[in-house]
Amino acid sequence: MELSSEFWWFILIGLGAQLVDGALGMAFGLVSSSVMLAMGIPPAQASAAIHTAEVFTTGASGVSHLVAGNVDKRLFLRLAIPGAVGGAVGAYGLTQLPGDVIRPLIYLYLLVLAIIILARAAGRLMPKGEVKRVPVLGFVAGFLDASGGGGWGPVATSTLLARGGQARTTIGTVNASEFVVTLTVSATFLMSMGLHHLQIVAGLLIGGMMAAPVAALLVKRLKERWVLVAVGVLVLAISLFQIGHALTGYLGR
């Protein structure tokens, strides 16, 4: 494999995306795909490379959070196993559903969660308690993630934090369980599509694995309120951008 000058940019993209994802529990795909699309990389090529690289970056991130003591093992099992099942089902079946209709509803849900998280960070909202249907949440988040919408981190992390989950263990556990989900989804796609775009995958992989231990230490040391604010603002920005994008497309028809 001959390396081009862009290889070093892919390392930087992977490093930056994993710092955000490992510290806030979401957005590796969002950050890396946004930059790569701006570089002129075709969407299908970017998506395939990101999913393949995430198998390794989520593994490194999960191990880093486990070593740092950020993983709730009971929550991990309740998220990871249903999430893997949901991811496998989504990888096979979601292409038959109208994704353009479903995605705006997902981002409306995330918009509400963002407001709840920011209200909690401001001390204006008391959490209602533990999420009782964690396996259902894991299945739905895995299903949405397999659709290509990057739903695992935003849906799982935002829901758990909005319902009162501790920021450090919620983010650490969601990151660790994401490895199981990503491995399942990627294996499904690889069996049908094969492995391509090795240079992009290698760059994202190197940068992501370099950043994973740093991100795990960051989330352990940062004050919970600041983590909540960062997650809330990120989810708010994602949801508003996607809702605006969907409305623009709808009005432009």
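Being a predicted model, the structure only gives us computed values, none of them experimental.

Parameters and conventions
- Residues numbered from 1 in each chain as written.
- Predicted model: local features only at pLDDT ≥ 70, side-chain atom pairs only at ≥ 80, totals over all residues.
- Heavy atoms only, no water.
- Helix = DSSP H or I, 4+ residues; strand = E, 2+ residues; numbered from the N terminus.
- Contact = heavy atoms within 4.5 Å.
- Areas by Shrake-Rupley, 256 points an atom, 1.4 Å probe, with all protein chains shown as cover.
- Core = buried A, V, L, I, M, F, W, Y, C linked by side-chain atoms within 4.5 Å.
- Buried < 20%, exposed > 50% of the residue type's maximum accessible area, 1.4 Å probe, protein only.
- Phe/Tyr/Trp six-rings, centres within 6.5 Å; stacked < 30°, edge-to-face > 60°.

Student: How should I be thinking about the overall build of the protein in this particular structure?
Tutor: Counting its secondary structure elements, the protein contains 10 helices and 0 strands. Mapped from its N terminus to its C terminus, the protein presents α and β elements in the order α-α-α-α-α-α-α-α-α-α. Contacts in the protein between residues far apart in sequence, at least 24 positions, make up 84% of those at least 6 positions apart. Per element, the accessible surface of the protein, about 12400 Å² overall, is 69% carbon and sulfur.

Student: Could you clarify how one ought to interpret the nonpolar core in this entry?
Tutor: Within soluble globular proteins, side chains that are nonpolar generally end up buried alongside one another. In terms of nonpolar packing, the biggest core is built from 34 residues, with L79, W152 and V231 touching the most fellow members. For this core, the secondary structure elements donating two or more residues are α4 (73-93), α5 (99-121), α6 (134-149), α7 (152-162), α8 (167-193) and α10 (224-251). Counting residues per element, this core draws most heavily on α10, at 7 residues. Not counting the four nearest positions on each side in its chain, W152 is found in contact with L79, G83, G138, A141, G142, D145, T157, V174, S177, E178 and V181. I13, M36, I41 and V201 belong to the second largest nonpolar core, which has 13 residues in total.

Student: Explain the side chain of T182 to me, please; I cannot follow it from the model alone.
Tutor: Note on placement: T182 falls in helix α8. Setting aside its immediate chain neighbours within four residues, T182 contacts H51, E54, V55 and T58.

Student: How should I be thinking about the packing of aromatic side chains in this particular structure?
Tutor: To describe a pair of aromatic rings, you give the distance between the ring centres and the angle between the ring planes. In the structure shown here, the tally under the stated rule is 2 aromatic pairs. On the numbers, 5.4 Å between centres and 70° between planes, the contact of F7 with W8 is edge-to-face. On the numbers, 6.3 Å between centres and 10° between planes, the contact of F139 with F143 is stacked. Here F139 and its partner F143 are both found in helix α6, 4 residues apart, which amounts to about one turn of the helix. When its relative accessible area of 31% is taken as the criterion, F139 is described as partly exposed.

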